[in-house]
Number of protein chains: 2
Amino acid sequence: MSGQKQQGVPHPYFPRGVSIPHYVPNDRPLLEILGLFFSLVGVVLFVTWVYSTRRRLGVTDRLIVCWFVVCGGIHSILEGYFSLYHDTLAGSSSYLAQMWKEYGKGDSRYITSDTFTVCMETITAVIDGPLSLLTAHAILNHAPHRYFLQLTVSLCQLYGDSLYYMTEIREGFKHGELWHPLHFWFYFVFLNAFWIIIPLTLIGQAGKRISQSQSLYDKDRRTNSKKKSK
Amino acid sequence: MSGQKQQGVPHPYFPRGVSIPHYVPNDRPLLEILGLFFSLVGVVLFVTWVYSTRRRLGVTDRLIVCWFVVCGGIHSILEGYFSLYHDTLAGSSSYLAQMWKEYGKGDSRYITSDTFTVCMETITAVIDGPLSLLTAHAILNHAPHRYFLQLTVSLCQLYGDSLYYMTEIREGFKHGELWHPLHFWFYFVFLNAFWIIIPLTLIGQAGKRISQSQSLYDKDRRTNSKKKSK
């Protein structure tokens, strides 16, 4: 771990001179922190997948339900924690703080309470999180508003994540070590890419279904008004 | 106009010490700048309203078409100009630059090429602008994807504008003179409020219509599968 002396506190974040006066290093090993996160995601995926067999849903719909339940958990718990405790997490040793301190090596905006990052994550935690769970519930129950919710959540995720990438590109990737295999490629590029690619796919699917049902609705209304006029 | 000496250039922007070395004051009077903007909006509204009488649309749909055409113009032209020329507009005297230099008195992030502002405005110009015009076209033609587009554009506008307000609130309104009747209340609060209130209303309307037609579609599919199974 590379360190920078700033106000007496060495830390591994970029740009090198950034001040994080209350920083305390993680005391959990990397594998434990990442292992816990991915194990929890795995358990949620497995439980949701098994639960969804009880409903009359196709494989695609079951996969989409799994996606939204995982999103609900990550947005509400992990990003909700960031939204509430971003200004103190650099000095905290809770599991969630240690996850953010590890992730912050790829993007120090999470450690320095960057304005855009805090606001975007607050919307993600407060709006996208609960809406993700409502979307999963709507798909499981074949509710008529399921595509409205799927489109709404996916657009919010896509917008937030696009801005997240764009702002960092515009600032010359200065908040992390460029090309670092774990911090840049895995944390910053790979993990966030899920919230670009999957929402884009789900926006396309929702758009197709919404247009399909609107087409039938319009046809039905035209038929009814012709019947009435006869 | 209040000025601040910074690198030899007096300017009217906040916070007082912010550096805008290439700043050139507007040479057009305030009334001309605002008059031109609101006259153009008025002309676009009038022409769209008159044009929409040719189609079989209700008053609400015609008003929504007017809204999206005005949005298409503002996003593509005014915000498109900002997205392209934000780094030089403080020194320019074109009409569009003078509009932004006037608006910037309420929010200097438009004069200093603030990262979040440039990225958000680029999405607005490149995505929201063309999509607004496509939405107006879709409503005029009663296209089956009209509510999909209406929901997509309105969510993008709401997300961008919410972040715009939130980031400035979090930074303590430091980029403009707080409580200034024109710069704070009219430019920053009032003008931007349109892109919160109207999108929220249009999201609600689209959600209702999407659910309605999906409900009919699901019923239709159930009826068809029962017929087949008999």
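Residues numbered from 1 in each chain as written. Chains lettered and ligands numbered in written order. Predicted model: local features only at pLDDT ≥ 70, side-chain atom pairs only at ≥ 80, totals over all residues. Heavy atoms only, no water.

Basically, it comes down to this: UniProt positions are given in the numbering used here, feature names are shortened, and annotations may be inferred rather than shown by experiment.
Naming follows an unreviewed UniProt entry, where chain A appears as EXPERA domain-containing protein of Pinctada imbricata. The record held by UniProt for chain A lists under Subcellular location (unreviewed entry) the comment "Membrane".

### Description of unusual backbone geometry
Residue and element names in this part refer to chain A. Just so we agree on the cut-off: Strands here are runs of E lasting at least two residues and helices are runs of H or I lasting at least four, both read from the DSSP assignment and numbered beginning at the N terminus.
Across the junction of Phe-14 and Pro-15, the peptide omega takes the value -5°, indicating a cis bond. Secondary-structure assignment places Pro-15 in the loop between strand E2 (9–11) and helix H1 (30–52). Unusually for a residue other than glycine, His-142 sits at a positive phi of about 55°. With respect to the helices, strands and loops of the structure, His-142 is situated in the loop between helix H4 (115–140) and helix H5 (146–170).

### Looking at the relation of the copies chain B and chain A
This is how it is decided: What sets the superposition is a least-squares fit of C-alpha atoms, and only residues with pLDDT of at least 70 in both copies go into it. Contacts are assigned to residue pairs that have any heavy atoms within 4.5 Å of one another.
With an axial shift of 0.0 Å and an RMSD of 0.0 Å, the rotation relating chain B to chain A amounts to 180°. Taken together, the rotation and translation describe the operation of a two-fold axis. Scanning chain B for the C-alpha nearest the rotation axis identifies B:Ser213, at a separation of 2.7 Å. Most of the interface of chain B is mirrored in chain A: 100% of its interface residues are interface residues there too.

### A short note on the UniProt feature "domain: EXPERA" (unreviewed entry) in chain A
Within the UniProt annotation, "domain: EXPERA" (unreviewed entry) is assigned to residues 60–203 of chain A. Overall, residues 60–203 of chain A shows 76% helix and 0% strand. The separation of its end C-alpha atoms is 14 Å.

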